[in-house]
Amino acid sequence: MHILQNLVQMTGQRDHLRLELSVLSTFMQLPGVTNVRALELVEMDSGHWVRARTWLQDGQLVSSTQDVVSDTKRLPLRDMLHLHTCITQQMQHLQHSAHADQHVIWLPVWMHEKARVCLEVTQSEPFTPHSLDVITGIFSVYQNYQSLLDYSERDALTGLLNRKTFDEHLLRFATAAQADHSDEMPWLAVIDIDHFKLVNDRFGHLFGDEVLILVANLLRSAFSAQHRIFRFGGEEFVVLMPAAHKAKAHASLEAFRAMVASHNFPQIGRVTVSVGFAGAKLCSPVEILGQADQALYYAKENGRNQVCHFEQLQDQGLLHNAQVSHDDVELF
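The rules behind each value
Residues numbered from 1 in each chain as written. Predicted model: local features only at pLDDT ≥ 70, side-chain atom pairs only at ≥ 80, totals over all residues. Heavy atoms only, no water. Helix = DSSP H or I, 4+ residues; strand = E, 2+ residues; numbered from the N terminus. Salt bridge = Lys/Arg side-chain N within 4 Å of Asp/Glu carboxyl O. Pairing = 2+ DSSP bridges. Axes fitted to C-alpha atoms, helices over the stretch in contact; angles between N-to-C directions. Contact = heavy atoms within 4.5 Å.

Q: Explanation requested: unusual backbone geometry in the structure shown.
A: Across residues other than glycine, the phi torsion is negative in most instances, and most of the peptide bonds are trans. Backbone geometry places Gln267, a non-glycine residue, at a positive phi of 70°. Of note, Gln267 is situated in the loop between helix 8 (246-262) and strand 11 (273-279). Here Arg304, not a glycine, exhibits a phi torsion of approximately 60°, which is positive. In this fold, Arg304 is placed in the loop between helix 9 (285-301) and strand 12 (307-309).

In structure tokens form, the structure reads like this:
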């Protein structure tokens, strides 16, 4: 009965993190379960890494919002031999008995042939066919519901995050930044396709949609899993970048701009983008978005196909009290 109540609670969640906490809490109700974790799996230039994102501490489930790139508790995936086997062989689940009273099952969450998260359940007794059926059944409900949540948060055309999820992601980035006392900070970039209306007018909306899809694919290629990429509507995209020095953030955005400029778009030829970005540490979401928008506005008014930084433009006295329209919100 407790498991059914937990499943009802789980499917009532509207947030990925709360859903994760709910499924782990459900696993804890099972007989013999002694520990649960949600492990975050990240692919970086230096290889694959893993760290605990949600875990049991003093009988309570806790979660970390810290970025895995700067997390000192992250481990190379290859150091967790059995989990490494599970992920590299794209298995649905894998069991391992470390000790007589420690039996572990890993349940990776697969999406587009990649696993970003893996649930880990540890119990004191070996897994029986019945206990395995219960665990995989709960996990299937969780995974199906997570897919529904993910679908509601994605732009139908490009598959990127949609605008309604933006505030929550920005809040998490800013909160993590406030806990970090280094001189690095997260960044918000607004990206706009130059002369996109001309593409639609000249080639038609089908080719315009193809350009949007290709730009979205280039965004995925240019930025890592630690970045959050949104389509805000029309030809505008937003990227939330994890904490870094300004020079590194600027270089990443410049590399993306150059990637788009050199890409051959079928039937269309060459397409360029303008980019404005600002620090995302201290201001409210509306203020941060407004600052990046002002930098974007300056880039488009002064030649396009360039990356502009809000604070730098402000220090140079190049920004004025220009009104920037951002869909249904007007920013000044």
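Q: Where do I start with the pattern of salt bridges in this structure?
A: Close approach of charged atoms lets side chains of opposite charge pair. Inspection of every chain in the model, using the stated rule, returns eight salt bridges. For the salt bridge of Arg37 with Glu120, the shortest nitrogen-to-oxygen distance reads 2.8 Å. Of this pair, Arg37 sits in strand 1 (residues 33-44) while Glu120 sits in strand 7 (residues 114-123), and the two are 83 residues apart along the sequence. Across the salt bridge formed by Asp192 and Lys300, the nearest N and O atoms sit 2.9 Å from each other.

Q: What should I look at first to understand the sheet that holds strand 10 (residues 236-244) in this one?
A: Strand order in the open sheet formed by five strands is 9-10-8-11-12, and the pairing between neighbours is mixed. Of all the strands in the sheet, just strand 9 (228-233) and strand 12 have a single pairing partner and so form its edges. Taken pair by pair, the neighbouring strands of this sheet meet at an average axis angle of 20°, ignoring direction. In this structure, strand 8 (residues 185-193) lies alongside strand 11, joined through seven bridges in antiparallel fashion. By the bridge assignment, Trp187 is partnered in strand 11 with Gly279. Lying on the sheet, helix 7 (residues 205-222) is in contact with strand 8, strand 9 and strand 10; it crosses strand 10 at an angle near 5°. Where helix 8 meets the sheet, it contacts strand 8, strand 10, strand 11 and strand 12, and its direction lies at approximately 165° from that of strand 11.

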